[in-house]
Amino acid sequence: MLFTTRYTDATANRLRTDGFDVRDEGMARLSPFVRHHFNMLGRYSCLLPEMPGGLRPLQDADAAEA
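Keep in mind that what you see is a predicted model, and the values were worked out from it rather than measured.

Chemist: Please explain the overall build of the chain as it appears in this structure.
Modeler: Across its full length, the chain holds two helices and zero strands. Taken over 66 residues, the chain has a buried fraction of 8%. Considering only contacts in the chain between residues 6 or more positions apart, those separated by 24 or more positions represent 64%. With the model as given, the accessible surface of the chain reaches about 6,300 Å², and the carbon-plus-sulfur share is 57%.

In structure tokens, the structure reads:
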């Protein structure tokens, strides 16, 4: 969930920088829980690895898929 939250925030900030109207009211309605890939019955480790340089780069929507 932390991964999803951090990257959702990074994506919203990138969209705002690119001139898109990303409103706080819309962001408040997003939830990292509404994802099919979360197993709510498992055990989780919340130890985060050191990530040199911070977050991985966001995908460029205009770049060709490999």
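Structure shown, so let's carry the discussion forward.
Chemist: Is there a simple way to think about the pattern of salt bridges in this case?
Modeler: Side chains that differ in charge, positive against negative, can pair when their charged atoms come close. Considering all chains together, one arrives at two salt bridges under this definition. A salt bridge links D24 to R16, with the nearest nitrogen and oxygen atoms 3.0 Å apart. A relative accessible area of 55% means that D24 is categorised as exposed. Residue R16 is classed as partly exposed on the basis of its relative accessible area of 31%. The shortest N-O distance in the salt bridge between D21 and R23 comes to 2.8 Å.

Chemist: Explain the environment of T4 to me, please; I cannot follow it from the model alone.
Modeler: Topologically, T4 is positioned in helix α1 (residues 2–17). A C-alpha to C-alpha distance of 9.0 Å links T4 and S31, two positions 27 residues apart in sequence.

Chemist: Is there a simple way to explain α1 in this structure?
Modeler: Every α-helical turn comprises 3.6 residues, leaving residues that sit three or four positions apart pointing alike. Between its terminal C-alpha atoms α1 stretches 23 Å, which fits the 22 Å expected from 16 residues at 1.5 Å a residue. Within the sequence span of α1, burial applies to T4, Y7, A10 and A12. Two residues or fewer after α1 comes G19, characterised by a positive phi angle close to 95°.

Rules and cut-offs
Residues numbered from 1 in each chain as written. Predicted model: local features only at pLDDT ≥ 70, side-chain atom pairs only at ≥ 80, totals over all residues. Heavy atoms only, no water. Helix = DSSP H or I, 4+ residues; strand = E, 2+ residues; numbered from the N terminus. Buried < 20%, exposed > 50% of the residue type's maximum accessible area, 1.4 Å probe, protein only. Contact = heavy atoms within 4.5 Å. Areas by Shrake-Rupley, 256 points an atom, 1.4 Å probe, with all protein chains shown as cover. Salt bridge = Lys/Arg side-chain N within 4 Å of Asp/Glu carboxyl O. Expected span 1.5 Å × (residues − 1).

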